[in-house]
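# Coordinate inspection notes
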Amino acid sequence: MRRAVLLAASTLLVAAAPARADWAPGVADLQTVATMEVDHDVAVDDAGNGLAVWDAPSGARSVIRARRYDAAAGVWETPVRELSLPTGTTRKPVVVMDRAGNALVLWERRVGERWTVQARRFDRQAGAWESTAATVSVGDEDSTQPALAFEADGDAFVVWRADGVIRARRYDATASAWESASAALSSDTGGAELPAVQVDAGGVATVAWQAGGAIETKRYDAAKERWPAVATRVSATGETASGVRLGVDETGVVSAVWSATDASGTTVQSRRFDGAWGAPALLSPKVGTAYAPQLAVAPGGAVTVVWYAQSDGKFVVRARRWTGDRWDPAATLSNPSTNAWSPSVAVDKAGRATVAWRRPGAPSTIEARRFDGTWGTGPTVLSGATDADAPELAVGPRGDALVVWQRPTAGTVTLQARRFIAPPVAPADEPAVSAGPSAPVAALPSDSSPASAPVAPVTLRPRASVPDAPEITRLRVGSRIALRLSAPAKLRVTFERRTAHGWRAAPGTIELPAVQRGDVRLKFALAAGRRYRVKVVATDVHGRHTVARAAFRT
């Protein structure tokens, strides 16, 4: 790993917002150093706040640094923060933010002859980082390749490779602590690597990895709080599979994508879990080369997969979308007359996708293209007139996006960023509770279907989505809804049932205009064998609200 001394201090960066949804007009320089490894990541929350993390040289070692974008102020905060410990060398940071703006950063730290996985958390309400980094990996194993995902309540699952075995550990946001032990997911014979993880609204985690040329998965049983004993193979035999990526929608349907190589070439394949793993889908032509698939899944279930493939002597970026019952035909996003590779993709809660990639040349540039009903007319060049490399992309739920890349020049490397700014509109799916007069209701009406069934208990511990809002400190969906409020609030509870034509309100909505306190319980009846989702909105006298959601099957 190359070393260098920091050359330039960061300054306050302010960018004017466009009048409509568009890319911000300027590029922000986050930090300039003499050399920099290609190790950086970025995340965006529901309010459009962003967080960029990177591996930077500091004398004879490397450190993890971070810089936060404040959407309300329209600035990148200063100074640049150093997250790793003051001794040792570090590498490969990854970051995830939840909707409330809490963030968790992971990285690898060298300890003697081995690597460990460390983490540091940003608390949005406190507006501060934890006082020091925590070591997530355990024992004397060589631990690398960390990945993580947030749950709806602010808890997190972290997975990594430890001496060829995939391990997992859970962070409890309520206790502000890591579970005491990690769980080994893959075979103890070793050979497993490159894990991926996603968590659904009910707290069920899906982990996938590659081992022995196959893609294997395990799913966490949230009700029993345990992992299954045996992994499930999802890739086909007779092929060498690698590079698995995962995504999950708000109903718990999981999508997986990976590369598969046989005598005919390298293809992109996908598979979906909806109660069971479905049949594999071939997304790229059977004959040819297709590399590095990435995917993003919208809450409503739309899936976007991107990769780069060889076409007429050039590499181009291609995409396909799953719209609920079929895969759309492949679309070529980059200019077919020039090379393009290393695509990344992210989506907002409405299913609008953003894709970014690198176009090599003189200079090499970072380009992007967005899907908003269509893929539009062509890519947008995000970087300037000098070389750019290694784009990383994140999109928040309302559509704000950040792309971060490196710009090498003579003797220095600068980490740069550019934003896509979504219009400031109130979320349509989080209505305020009506304050008008109505009689208190003790129970939700039953579903229109005649059958009813008990529900497997689902427990969430949601956190406030807005500072100072009344927190729903626990939500349990079983034979009834049981929740706990941290402060007095009015409640609105909505059930929806999945049908062949999408979601519909069933059994419906209940509003409790009287102020509720402490523990609250509501009865309901649901049809058997159906998929439901429930949303609870708690609103105080000042109009501040918190939203908690759960998805489950009866």
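Just above sits the structure.
Note that the coordinates shown come from a computational prediction; the quantities given were computed from them, not determined experimentally. (Residues numbered from 1 in each chain as written. Predicted model: local features only at pLDDT ≥ 70, side-chain atom pairs only at ≥ 80, totals over all residues. Heavy atoms only, no water.)

## Looking at the sheet that holds strand 32 (residues 341–347)
Going by this rule: Any two strands with at least two DSSP-identified bridges between them are counted as paired. Helix numbering and strand numbering both begin at the N terminus, where a helix is a DSSP run of H or I of at least 4 residues and a strand a DSSP run of E of at least 2.
Read across the open sheet, the 4 strands follow the order 32-33-34-35; overall the sheet is antiparallel. The outermost strands of the open sheet, each flanked by one partner alone, are strand 32 and strand 35 (380–381). Bridge count between strand 32 and strand 33 (residues 353–359): 5 bridges; the pairing is antiparallel. Bridging across to strand 33, serine 344 finds its partner in alanine 356.

## Some thoughts on the nonpolar core
The cut-off we apply is this: The term nonpolar core refers to a set of buried residues drawn from Ala, Val, Leu, Ile, Met, Phe, Trp, Tyr and Cys, joined through side-chain atoms within 4.5 Å. Whether a residue is buried, partly exposed or exposed follows from its accessible area with a 1.4 Å probe, protein chains only, as a fraction of its type maximum: under 20%, in between, or over 50%, in that order. Contacts: residue pairs with any heavy atoms within 4.5 Å of one another.
Ranked by size, the top nonpolar core spans 24 residues in total, and within it Leu475, Ile481 and Leu483 carry the most contacts. Taken together, the elements giving at least two residues each to this core come down to strand 40 (472–477), strand 41 (480–485), strand 42 (489–499), strand 43 (502–516), strand 44 (519–523), strand 45 (531–539) and strand 46 (545–553). For leucine 483, the residues in contact, after removing those within four places along its chain, are Ile472, Arg474, Leu475, Leu491, Gly518, Asp519, Val520 and Val536. If you look at the next biggest cluster of nonpolar residues, it comprises 18 residues, including Ala28, Ala52, Leu402 and Val413.

## Some details on the sheet that holds strand 22 (residues 214–219)
In spatial order, the strands read 20-21-22-23; together these 4 strands make up an open sheet with antiparallel pairing. This sheet does not close on itself; its edge strands, each paired only once, are strand 20 (192–199) and strand 23 (232–233). Sheet topology note: the strand 20/strand 21 (residues 205–211) ladder contains 6 bridges and is antiparallel. In the sheet register, valine 199 faces strand 21, and the bridge partner there is alanine 205.

## What to know about unusual backbone geometry
Residue proline 79 follows threonine 78 across a cis peptide bond; omega there is 0 degrees. Tracing the sequence through the fold places proline 79 in the loop between strand 8 (75–76) and strand 9 (81–82). For the peptide bond that leads from alanine 362 to proline 363, omega is 5 degrees, which places it in the cis range. With a phi angle near 50 degrees, aspartate 312 is a residue other than glycine that sits in the positive phi range. You can see aspartate 312 is positioned in the loop between strand 29 (303–311) and strand 30 (314–322). Relative accessible area serves as the criterion here: at 79%, aspartate 312 is assigned to the exposed category.

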